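The residues making up each chain are set out below.
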Amino acid sequence: MELFTQLFGHLLAFVYHCFARIVIHGYLTRLSRPEHVVYFFHEVIGAPVITKEILSERTNRYQNWVEAFARNRRIPIEWAEKGIRKEDFVRRWQRRMVRNNAYGVYFIFKSLEVGPTFRITVPKYPTKDPNYRIVANQRSRFTHYYFYIHDEVLGPFVMCMGSFFPFKATYYLNGHSFMEHQLSRAEISFRKDDNAFLAVGDVAALQAAADKLSPKIIRNRLDYWTFVLGPKFSAKERKQVKLSRTYAISQVEYCFNFVFKRNFPIHKLFERGCELGLWRLTAHRIAEVFGTRLQRNHRGKLSTVIDQIEHGHHVFRAYFRDAVLRQYEKFSMFLRNELCSNNLYDFGLKKGLDHLDEVRQRFKTIISRFAGFQAQWLNVHTDFPLLQRMALPVTVGSVRHPGIKIHDTRIIRLLEVLLHAGTHVGGWTAREIHQAVLSTFHLSADAYGLNQLRYDLRKLKGHGLLERDGTRYAYLLTPKGVQVALLFLFFHKRLCGPLANSRFHHRPDPQHRPDSRLEAAYHRADEAIEKVVDLLAAA
């Protein structure tokens, strides 16, 4: 990571890293197994027989409570429709809560989904106890409630609660929402769009807010909302059975965010990074990035791809088992490296919420390692399509100017003459340039006429390489024109010319070369070209 910021630090406005999406499962550990259910209903409730009706009564009681809760507080409650993103549908209610500086539940979705529950069956053969029933785990389709909450600490998050015993809960958090509330409380100005901070008044405070998200804070808020919105148990039941929830991380995303000063360099960096990533990020290098050793019995994915998501952005992905390392650009000034894991055991980490800090440190190391590799790949001479762009025609107003090609002899002669216009403060007229070209290259007026010159001058002017001196028909090279002229001439005379001659006509004997640095550099260039030719032939 240090190498990346060292190479591109002058282009960066600021960098921050944080948790993005966190999905947490909440379990009633004392009611999650069949033996726990038997003890709860026999010993605590005092029911002689465990039947389907007893479990259904608990479900009906909770569903009626949710309906009454929504009705009394005038909270919208609807069935989720297929093909509609829940987050987009409830956004206007969320904005209303934020605008009114209010906290609480602002929407409830009902959804039929598959979840864990219990099956009650009568034994096939009679037993000594006529009240004996078989209680077994099963997965079935039943109603789940999605509570959309605006919390005063965590910000907007979602709690999904199953309405069947054992009432498994799932929580969907976002670290950026937590950071937004922390900055707002500290009265620090910022600009946030979607799931990214694009500007902030205090970068150190932004990173401090990201690091503040801890298991203790998350547990306190989840316990509170689970007690308020979850299924209800009596004081007697809570006294005899420990009904506190155990929280386990199901999915976690950690990201490094690079916010650039200008819009131009980010796309070039991302484009080049994707190309090099596909070529250089081999299976062994992926394993090295993720900090493991590649084995023959490798389980899960191991590949790199470039995907195009729905809203048009390209995403570079490196898969490793049940984890994926993503990189994408957004808003033309935002580059994100993001590591997502659906199974923390892939990294030798435990899923308990108490181990969130260990997850943060391990994920930071992996993303930093990837950024370091990418910085080494990008620290080379990259492609710059100047010659391709110059060769394409351009349209200025209603006039279409043809492209300028590097092998155009007339343009090369004209640029060489114009480079010597330093003695002419007000620029050269077309006739003066024409005479200079004819005398310099010993041409006749028939070989290169004045009209041909004017055509070439208009072409250079259309590409922004030439400008007129006020209203006079006198011409000077623009700063861009000077650089392009030097590049073209250097390429033809000093670089391409000697190398082409050594490749096709006469290659000097390296044993009897003069003691010249320039000549030694040409010999090294010849050897490098020979190696490139051999590599291309082998490929």
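Chemist: Looking at this model, I keep getting lost on the overall build of the protein chain. Mind explaining?
Modeler: From N to C terminus, the protein chain includes 18 helices and 18 strands. Within the span of the protein chain, comprising 539 residues, buried residues form 44% of the whole. For the protein chain, the proportion of contacts with a sequence separation of at least 24, taken over those separated by at least 6, is 65%. Put simply, the protein chain shows about 30,000 Å² of open surface, and 52% of that area lies on carbon and sulfur atoms.

Chemist: What is the right way to read the sheet that holds strand S17 (residues 466-468) from this model?
Modeler: Through backbone hydrogen bonds, the strands of a sheet pair up, either in parallel or in antiparallel fashion. The strand order S16-S18-S17 describes an open sheet built from three strands, whose pairing is antiparallel. Looking at which strands have only one partner, the edges of the open sheet turn out to be strand S16 (428-429) and S17. Where S17 and strand S18 (residues 474-477) come together, three bridges link them in antiparallel fashion. Within S18, the position partnered with Leu-466 by the bridge is Leu-477.

Chemist: Any chance you could explain the pattern of salt bridges here in plain terms?
Modeler: Where charged atoms from two side chains of opposite charge approach closely, those side chains can pair. Taken as a whole and assessed by the stated rule, the structure comprises 19 salt bridges. The residue Glu-57 makes a salt bridge to Arg-61 at a minimum N-O spacing of 2.8 Å. Linking Glu-57 with Arg-61, this pair stays in helix H3 (residues 52-72), spanning four residues, or about one helical turn. Looking at Arg-61, the relative accessible area reads 42%, which means it is partly exposed. The shortest N-O distance in the salt bridge between Arg-299 and Asp-322 comes to 3.4 Å. Within this pair, whereas Arg-299 is found in the loop between helix H11 (283-289) and strand S10 (301-308), its partner Asp-322 is found in the loop between strand S11 (314-321) and strand S12 (323-330), the two being separated by 23 residues in sequence. Overall, the relative accessible area of 31% leaves Asp-322 in the partly exposed class. Three or more residues are tied together by salt bridges with common partners; here these are Arg-85, Glu-87, Asp-88 and Arg-91.

Chemist: Explain the side chain of Lys-459 to me, please; I cannot follow it from the model alone.
Modeler: If you trace the backbone, Lys-459 turns up in helix H16 (residues 450-462). Beyond its immediate chain neighbours, meaning those up to four positions away, Lys-459 contacts His-401, Pro-402, Gly-403, Ile-404, Asp-408 and Ile-411.

Chemist: Please clarify how the packing of aromatic side chains should be interpreted in this entry.
Modeler: When we look at a pair of aromatic rings, we describe it by the centre distance and by the angle of the planes. If you walk through the whole model with that rule in mind, you get 30 aromatic pairs. Both rings, one in Tyr-62 and one in Trp-65, keep their centres 6.3 Å apart while their planes meet at 10°; by these two values the pair is stacked. Of this pair, Tyr-62 and Trp-65 both sit in helix H3, three residues apart, which is roughly one turn of the helix. The exposure class of Trp-65 is partly exposed, given its relative accessible area of 25%.

Chemist: Could you clarify how one ought to interpret the side chain of Thr-143 in this entry?
Modeler: Summarising the element assignment, Thr-143 is placed in strand S4 (residues 134-151). Take Thr-143: its relative accessible area is 12%, and that puts it in the buried class. Each residue touching Thr-143, except ones within four places of it in the same chain, is listed here: Gln-63, Trp-79, Lys-110, Ser-111, Leu-112, Gly-162 and Ser-163.

Chemist: Sorry if this is basic, but what is going on with the packing of helix H14 (residues 409-418) against helix H15 (residues 430-441) here?
Modeler: How two helices pack is summed up by the angle between their axes together with the distance between the axes. The contact between H14 and H15 brings their axes to 10 Å, and the two run at 105°. Considering the angle they form, H14 stands roughly perpendicular to H15. Facing Arg-413, Leu-414, Glu-416, Val-417 and Leu-418 of H14, the residues of H15 in contact are Ile-433, Ala-436, Val-437, Thr-440 and Phe-441. Along the lines of polarity and charge, the residues of the contact of H14 with H15 split into seven nonpolar, one polar and two charged.

Chemist: Quick question: what am I supposed to make of unusual backbone geometry here?
Modeler: With the exception of glycine, most residues fall at negative phi, and the peptide bonds are largely trans. Of the consecutive residues Phe-165 and Pro-166, the connecting peptide bond is found in the cis state with omega at 15°. Within the fold, Pro-166 resides in the loop between strand S5 (155-162) and strand S6 (169-174). Although it is not a glycine, Asn-101 adopts a positive phi angle of roughly 55°. Accessibility expressed as a relative area gives 55% for Asn-101, which makes it exposed.

Chemist: What am I meant to see in the confidence of the model for the protein chain here?
Modeler: It should be kept in mind that the predicted coordinates are not to be read in detail where pLDDT is low. Considering every residue of the protein chain, the mean pLDDT works out to 85; 89% of them sit at 70 or more. Averaged pLDDT values over the elements of the protein chain bottom out at 70 in helix H1 (residues 2-8) and peak at 96 in S6.

Chemist: I would appreciate a short explanation of the environment of Phe-4 in the present structure.
Modeler: Tracing the backbone shows Phe-4 in helix H1. For Phe-4 and Gln-374, which are 370 residues apart along the polypeptide, the C-alpha to C-alpha distance reads 7.7 Å.

Chemist: Looking at this model, I keep getting lost on the pairing of strand S8 (residues 196-200). Mind explaining?
Modeler: Regular strands show a simple pattern: their side chains alternate between the two faces of the sheet. With four of five residues buried, S8 lies mostly within the body of the structure. With four bridges connecting them, strand S7 (residues 190-193) and S8 associate as antiparallel partners. Opposite Lys-192, over in S8, you have Phe-197 as the bridge partner. Taking the residues that link successive antiparallel strands as the turn, the S7-S8 hairpin has two residues, and the phi of Asp-194 there is positive, at about 55°.

Chemist: Hey, could you run me through the packing of helix H6 (residues 175-185) against helix H7 (residues 203-212) in this one?
Modeler: With their axes 9 Å apart at the nearest point, H6 and H7 run at an angle of 125° to one another. Looking at the two axes, H6 sits oblique to H7. Between H6 and H7 the crossing geometry is right-handed. Contacts between H6 and H7 pair Phe-178, Met-179, Gln-182 and Leu-183 from the former with Ala-205, Leu-206, Ala-209, Ala-210 and Lys-212 from the latter. For the contact of H6 with H7, the residue count by class is seven nonpolar, one polar and one charged.

What counts and what doesn't
Residues numbered from 1 in each chain as written. Predicted model: local features only at pLDDT ≥ 70, side-chain atom pairs only at ≥ 80, totals over all residues. Heavy atoms only, no water. Helix = DSSP H or I, 4+ residues; strand = E, 2+ residues; numbered from the N terminus. Buried < 20%, exposed > 50% of the residue type's maximum accessible area, 1.4 Å probe, protein only. Contact = heavy atoms within 4.5 Å. Areas by Shrake-Rupley, 256 points an atom, 1.4 Å probe, with all protein chains shown as cover. Pairing = 2+ DSSP bridges. Salt bridge = Lys/Arg side-chain N within 4 Å of Asp/Glu carboxyl O. Phe/Tyr/Trp six-rings, centres within 6.5 Å; stacked < 30°, edge-to-face > 60°. Axes fitted to C-alpha atoms, helices over the stretch in contact; angles between N-to-C directions. Parallel < 35°, antiparallel > 145°, perpendicular 65-115°, else oblique. Nonpolar A, V, L, I, M, F, W, Y, C, P; charged D, E, K, R; others polar. pLDDT = per-residue confidence, 0-100. Left-handed = near helix turned anticlockwise from the far one by under 90°.

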